[in-house]
Amino acid sequence: FPSVLCFLFFFLMTDAFFTCRKNVLLAKSTSTEIEGGFAATRGRSVPEEQEALLQQWLEEGAGNLPASESVPAVGKVSVTLTSDWLEGSELLMTSLSDLNSAPEVTWCAGQQLTELHALASSEPQDHAVTDLAKLPAEETVAVAGSAPWAAVVPQTGHQVAGCAAVDVEVQNEDPAVLAWSLSQDAETVPTEPPAWPIQDMVQFCPLPTEVPYHEILWRDWEDLSVQPCVLEQVLGNTPLFEFRVMSYNILAQDLVEQGLDLYLHCHPDILNWNYRLPNLLQEIRHWDPDVLCLQEVQENHYREQLEPAFKEMGFACCYKRRTGAKTDGCAVCYKHSRFQLISVSPVEYFRPGLDVLNRDNVGLVLLLQPLLPEGLDLKAVSPLCVANTHVLFNPRRGDIKLAQMALLLAEIDKIAKTTGGSYYPVILCGDLNSVPDSPLYKFIRNGELAYHGMPAWKVSGQEDFSQQFYSRKLMAPLWPSSLGITDRCQYVTLCQPEKIGRRKYSRDFLLQFQFCEVACVRPPQLVLLEGVTDAKPAVTVSFSVLPWWLFLCRSSGIIQHGLNLTSVYSHFLPHRGRQEVTTMPMGLGATVDYIFYSAEPVENGNRGGECRRLYQDGALKLLGRLSLLSEDTLLLANGLPNPFCSSDHLCLLASFGLEISSL
């Protein structure tokens, strides 16, 4: 009999180890791999001798237990990962090969071995099994150097997900989508380990609970309505039409598949569109903007999935695909319950035959009329101009970026200009592929840029190519006059005065004033050269008789615009001492996404010899904004994209108030 017990004990230990190993592998395998594994083992049976010994153990070991309690069957205790999105950066940084290592298997086999010790003991046996059955449904047990794992006992009703109780139905949703629904004040997981029911065994203390994604990437809402200029408006009882604007580069799926080398840090599953789409939609629903400006919107996804989903949210949408063979573009959506569309103008930057405009980027310019709520019938609010664009990425072609921006500003100038010559409030959103304080950024914010002789790579400030032997330089004029855009970023046709009546003077009459008398007298000290200095000046057209508006087309190497735009964000986190970032290409944080809005210039400051325009809120007031994150914070979540944020850009969100005036 002792020999039989020894054999049985050895057999159960071996079976426990391989059963646990199988459960671990199944917990980490895809459904396809699991089905394939079961198919490979289907049809195999346990030898009769082993089956008889197992049945004998069950009868002797479990026969004295109450009917309400059951012995944990060997192989029934499975090991699973706690929800990926709650495991923090440690789990994200872990490769698949690391997940297949053996510490968790050793723990699982040790646990079953402990159970066998308890079952083989005398009277404490019942107490040990009873306490084991009363353990929490999901108890985190970690081994140094490995990601936390959890032993799961099947249960019904609710499941424990991280630090909040979530219904089973909700738990089945996408984990990153579920993260948005967790409240900020979720209950914390107890850090004290539970009582260990088995004596004389090593107790593995769980590691401190990892910070969940929604806490690592938590973004605060910054209330800016306490600023003096806004408080004065509120205290003066001047009503405001409040609305939210979001700008978001959602990362087109075609671009993901074309540039997989940029996302080697991401698990392939989180790059799948079926995973990313619910996250993106849930994020937009969560922040509930009234105006939504999107970049990198894939056309087939927009037509089939995004536009129908946005319509269910109450949006009306406008879309413009990039020209050529590109499959993505820009979209502007607005709540039709809050705005009425006055006009929409798609902008194509591609111009055949122009090297400075030979790319397929596009933009959209909308003029929206805010809809006032009932009870404000005798009130009026100004129309709002909303522009959205995605500028060329190439860091070496700053000349193209400037020309594209000039085209967009010319369209905004046409759409937003009033009959009196002023401008409606303007909001400009987009991925400009330029960093703060770059020449392109300063041009938008300060309204002026001297570009002649500037290296093309310097315009966007994305990369430093100063060490290269040859670099393209910007020369004036940046674009030909045939484009019809002046150096003030206005259409030439809008600068021409209307022709009233016939000309009062004939050409011959004007030509007699072409030269003054002094210009027609040959200087006595001038060297006489036959055919050169012996002839009088030929009759040509003088600039003095050209129409005044043609002088606007002459280039001086300086471009300007008159829209008075300033940025919603300061691009710096004062409480963190870090720069804000909106994207992380190749693991390096940068700010390339912006929301600019109309403001009133107050004075010109001088910083480092450069003119920097200062602003204060005018009719359009900035009430709040969603804070951005720093590079080190995003690194904790393995950069972008990650299981929580399904784009390689962060969304930008701002709240505005538009003055409501009496009729």
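Analysis parameters
- Residues numbered from 1 in each chain as written.
- Predicted model: local features only at pLDDT ≥ 70, side-chain atom pairs only at ≥ 80, totals over all residues.
- Heavy atoms only, no water.
- Helix = DSSP H or I, 4+ residues; strand = E, 2+ residues; numbered from the N terminus.
- Buried < 20%, exposed > 50% of the residue type's maximum accessible area, 1.4 Å probe, protein only.
- Contact = heavy atoms within 4.5 Å.
- Core = buried A, V, L, I, M, F, W, Y, C linked by side-chain atoms within 4.5 Å.
- pLDDT = per-residue confidence, 0-100.
- Pairing = 2+ DSSP bridges.
- Axes fitted to C-alpha atoms, helices over the stretch in contact; angles between N-to-C directions.
- Polar contact = N/O pair within 3.5 Å; in protein donor to acceptor, adjacent residues only side chain to side chain.
- Salt bridge = Lys/Arg side-chain N within 4 Å of Asp/Glu carboxyl O.
- Expected span 1.5 Å × (residues − 1).
- Parallel < 35°, antiparallel > 145°, perpendicular 65-115°, else oblique.
- Left-handed = near helix turned anticlockwise from the far one by under 90°.
- Nonpolar A, V, L, I, M, F, W, Y, C, P; charged D, E, K, R; others polar.

Caption draft 1: Layout of the overall build of the protein chain. Counting its regular elements, the protein chain contains 19 helices and 25 strands. Per-residue burial over the protein chain gives 45% buried out of 663 residues. Within the protein chain, contacts between residues at least 6 apart in sequence are counted, and of these 74% link residues at least 24 apart.

Caption draft 2: Molecular detail of the nonpolar core. In terms of nonpolar packing, the biggest core is built from 68 residues, with Phe 243, Phe 310, Ile 427 and Phe 656 touching the most fellow members. Sequence-distant contacts of Phe 310, defined by excluding residues within four places in its chain, comprise Leu 281, Ile 284, Leu 292, Leu 294, Phe 315, Cys 317 and Cys 333. The next biggest cluster of nonpolar side chains, apart from the first, holds 45 residues, and it includes Val 391, Leu 407, Ile 415 and Leu 478.

Caption draft 3: The arrangement of the confidence of the model for the protein chain in detail. Per-residue confidence for the protein chain averages 74 on the pLDDT scale, and 58% of its residues sit at or above 70. Low pLDDT (under 50) marks residues 24-46, which in the prediction has 15 contacts with non-local residues, meaning those over four places away or in another chain.

Caption draft 4: Here's a closer look at the side chain of Asn 388. Along the chain, Asn 388 falls in strand 14 (residues 384-390). Looking at Asn 388, the relative accessible area reads 0%, which means it is buried. Each residue touching Asn 388, except ones within four places of it in the same chain, is listed here: Cys 293, Leu 294, Gln 295, Cys 330, Ala 331, Val 332, Gly 363, Leu 364, Cys 429 and Gly 430.

Caption draft 5: Just the sheet that holds strand 21 (residues 593-598), in detail. Sheet architecture is open: six strands sit in the order 11-12-14-15-21-18, paired in mixed fashion. Every interior strand has two partners, whereas the edge strands, strand 11 (339-348) and strand 18 (565-567), have only one. When the angles between neighbouring strand axes are averaged without regard to direction, this sheet yields 20°. As judged from the five bridges shared by strand 15 (residues 426-431) and strand 21, these two strands associate in the antiparallel manner. Counterpart to Cys 429 in the pairing with strand 21 is Ile 595. The strands that helix 15 (residues 398-416) touches are strand 11, strand 12 (362-370), strand 14 and strand 15; relative to strand 11, the one it contacts most, it runs at about 150°. Against the sheet, helix 16 (residues 439-446) makes contact with strand 15, strand 18 and strand 21, and its axis sits at roughly 125° relative to strand 18, the strand it touches most.

Caption draft 6: Region of the structure containing the side chain of Thr 583. Residue placement: Thr 583 occurs in the loop between strand 20 (578-579) and strand 21. Within polar-contact distance, the side chain of Thr 583 engages the backbone oxygen of Asp 648 at 2.7 Å. Among all residues touching Thr 583, those that are not within four sequence positions of it are Leu 588, Gly 589, Ala 590, Val 592, Leu 640, Asp 648 and His 649.

Caption draft 7: How the structure looks around the environment of Leu 294. Residue position: Leu 294 is located in strand 8 (residues 291-298). Expressed as a C-alpha distance, the spacing of Leu 294 and Cys 330, which sit 36 residues apart in the sequence, is 5.7 Å. Excluding its chain neighbours within four sequence positions, the residues that come into contact with Leu 294 are Tyr 248, Ile 250, Phe 310, Gly 329, Cys 330, Ala 331 and Asn 388.

Caption draft 8: Fine view of the environment of Leu 636. Here Leu 636 shows up in helix 19 (residues 631-636). For Leu 636, a relative accessible area of 46% puts it in the partly exposed group.

Caption draft 9: Summary view of the pattern of salt bridges. Considering all chains together, one arrives at 15 salt bridges under this definition. Lys 335 is paired through a salt bridge with Asp 288; the nearest N and O atoms lie 2.9 Å apart. Here Asp 288 lies in the loop between helix 13 (273-287) and strand 8 and Lys 335 lies in strand 10 (residues 328-335), a separation of 47 residues in the sequence. Look at Lys 335 and you get buried, because its relative accessible area is 9%. For the salt bridge of Arg 578 with Asp 632, the shortest nitrogen-to-oxygen distance reads 3.6 Å. Placement of the pair is Arg 578 in strand 20 and Asp 632 in helix 19, with a sequence separation of 54 residues. What makes Arg 578 partly exposed here is its relative accessible area of 40%. By sharing partners, the salt bridges in this structure join Asp 355, Arg 397, Asp 399 and Arg 472 into a single network.

Caption draft 10: Just helix 15, in detail. The terminal C-alpha atoms of helix 15 lie 26 Å apart, and with 19 residues this matches the ideal 27 Å at 1.5 Å per residue to within 8%. Helix 15 sits mainly inside the fold: 18 of its 19 residues count as buried.

Caption draft 11: Spatial organisation of the packing of helix 13 against helix 14 (residues 299-312). The N-to-C vectors of helix 13 and helix 14 enclose an angle of 30°; their axes lie 11 Å apart at closest approach. When the interaxial angle is binned, helix 13 and helix 14 end up roughly parallel. Between helix 13 and helix 14 lies a crossing of right-handed hand. Only His 301, Gln 305, Leu 306, Ala 309 and Phe 310 of helix 14 make contact with helix 13, whose side of the interface consists of Trp 273, Leu 277, Leu 281 and Ile 284. Looking at side-chain class alone, the contact of helix 13 with helix 14 contains seven nonpolar, two polar and no charged residues.

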